[in-house]
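Next come the chains, spelled out residue by residue.
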Amino acid sequence: MSKYQVSIERLNNAVGLEISTLLQYFYFHTHLEDKGYKYLAKLMKQISIAEMLHVEMLAERILFLEGEVNMNPSHETVRETDVKRMLEMSIALEESTVDNYNKWAQECSEALDSVSHKMFQNIIAEEELHLDDFRREMDKMKAYGDNYLALQSFADGKSSAKEIKKRNEKNE
């Protein structure tokens, strides 16, 4: 058994969570994009990509510790298309991730693996930024209700109108 077995297990737990989360956010992205909610779709896509980069970082650390990377999601993607519920789920995912990573960082520290401990701390800081983004969007949704989504659709319509106008000008 490797002296880094605890760290390898915790890092693999994180890989599974990150994969599940990036898939969930990308699922949300595709449905938000389809509904014309471009800003929220873009936010979900950006955060999904950030989660993918976390997977890469965690996997590299596992390999450095001479462990085997488990590239399987820890849970299945939930098929949710209600925007408010998407944000609630995203907030819950980020809160849970921060809690787990804080615990796992401590366990890595106790196992005398300061690099994995620091890696978890750095990822926690990014996850808290994601949490802040989702909370801010939820606050807007609560403050403006359905108007919030209507404004996103209108903004998309405005940009689409500009694109149509550009195409028409080119064809003239």
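All values derive from a computational prediction rather than experimental measurement.

J.: Give a description of the overall build of the protein that names residues and reports values.
T.: A count of helices and strands for the protein gives five helices and zero strands. Burial status across the protein gives 42% buried among its 172 residues. When contacts within the protein are restricted to residue pairs at least 6 apart in sequence, those whose partners lie at least 24 apart make up 80%. Accessible surface, the protein as shown: approximately 10,100 Å² in total, 52% of it carbon and sulfur.

J.: With reference to specific residues and values, describe the packing of aromatic side chains.
T.: Under the criterion given, the structure shown has five aromatic pairs. The structure contains a cluster of three or more aromatic residues connected by ring pairs, namely Tyr101, Trp104 and Phe120.

J.: Pulling in residues and values, what's your account of the side chain of Glu94?
T.: With respect to the helices, strands and loops of the structure, Glu94 is situated in helix H3 (residues 83–110). Here Glu94 occupies a buried position and makes no salt bridge, while the nearest side chain of opposite charge, Arg135, is found at 10.0 Å. Setting aside residues no more than four positions away along its own chain, Glu94 makes contact with Thr21, Tyr25, Ile47, Glu51, Glu127, His130, Leu131 and Phe134.

J.: So, helix H2 (residues 38–64): which residues are in play, and what are the values?
T.: In a regular helix each residue adds 1.5 Å, so 27 residues correspond to 39 Å; H2 covers 39 Å between its end C-alpha atoms and thus fits that length. Of the residues trailing H2, Glu66 is marked for its positive phi of about 65°.

J.: Report on the environment of Ser153, specifying residues and quantitative values.
T.: Note on placement: Ser153 falls in helix H5 (residues 146–171). Considering only alpha carbons, one finds Ser153 and Lys38, 115 residues apart in sequence, at a separation of 7.6 Å. Apart from the residues within four sequence positions on either side, Ser153 is in contact with Lys35, Gly36 and Tyr37.

J.: Any details on the packing of helix H1 (residues 5–35) against H3? Residues and values, ideally.
T.: The interhelical angle for the contact between H1 and H3, taken along N-to-C directions, is 165°, at an axis separation of 11 Å. It follows from the interaxial angle that H1 and H3 lie roughly antiparallel. Handedness of the crossing formed by H1 with H3: left-handed.

J.: Kindly report on the packing of H3 against helix H4 (residues 114–144), identifying the contributing residues and their values.
T.: Close contact between H3 and H4 brings their axes to 9 Å; oriented N to C, the two are set at 160°. Regarding the angle of H3 to H4, the classification is roughly antiparallel. Considering the relative orientation of H3 and H4, their crossing is left-handed. When its residues are assigned to classes, the contact of H3 with H4 shows 15 nonpolar, eight polar and eight charged.

J.: Could you give an account of a nonpolar patch on the surface, naming the residues involved and the relevant values?
T.: Taken together, the side chains of Ile49, Met52 and Leu53 present a nonpolar region at the surface, about 270 Å² in accessible area. You can call Met52 partly exposed: its relative accessible area is 45%.

J.: Explain the pattern of salt bridges to me, and be specific about the residues and the numbers.
T.: Counted by the stated rule, this structure contains nine salt bridges. A salt bridge links Asp113 to Arg61, with the nearest nitrogen and oxygen atoms 2.6 Å apart. Linking Asp113 in the loop between H3 and H4 with Arg61 in helix H2, this pair joins segments that are 52 residues apart in sequence. A relative accessible area of 2% places Asp113 in the buried class. A relative accessible area of 8% means that Arg61 is categorised as buried. For Glu137, the salt bridge is made with Lys140, and the minimal N-O distance between the two is 3.2 Å. You can see Glu137 and its partner Lys140 sitting in helix H4, three residues apart, about one turn around the helix.

Cut-offs applied
Residues numbered from 1 in each chain as written. Predicted model: local features only at pLDDT ≥ 70, side-chain atom pairs only at ≥ 80, totals over all residues. Heavy atoms only, no water. Helix = DSSP H or I, 4+ residues; strand = E, 2+ residues; numbered from the N terminus. Buried < 20%, exposed > 50% of the residue type's maximum accessible area, 1.4 Å probe, protein only. Contact = heavy atoms within 4.5 Å. Areas by Shrake-Rupley, 256 points an atom, 1.4 Å probe, with all protein chains shown as cover. Phe/Tyr/Trp six-rings, centres within 6.5 Å; stacked < 30°, edge-to-face > 60°. Lys, Arg positive; Asp, Glu negative; His and termini not counted. Salt bridge = Lys/Arg side-chain N within 4 Å of Asp/Glu carboxyl O. Expected span 1.5 Å × (residues − 1). Axes fitted to C-alpha atoms, helices over the stretch in contact; angles between N-to-C directions. Parallel < 35°, antiparallel > 145°, perpendicular 65-115°, else oblique. Left-handed = near helix turned anticlockwise from the far one by under 90°. Nonpolar A, V, L, I, M, F, W, Y, C, P; charged D, E, K, R; others polar. Patch = residues over 30% accessible without salt bridge, like charges linked within 9 Å, V, L, I, M, F, W, Y side chains within 5 Å.

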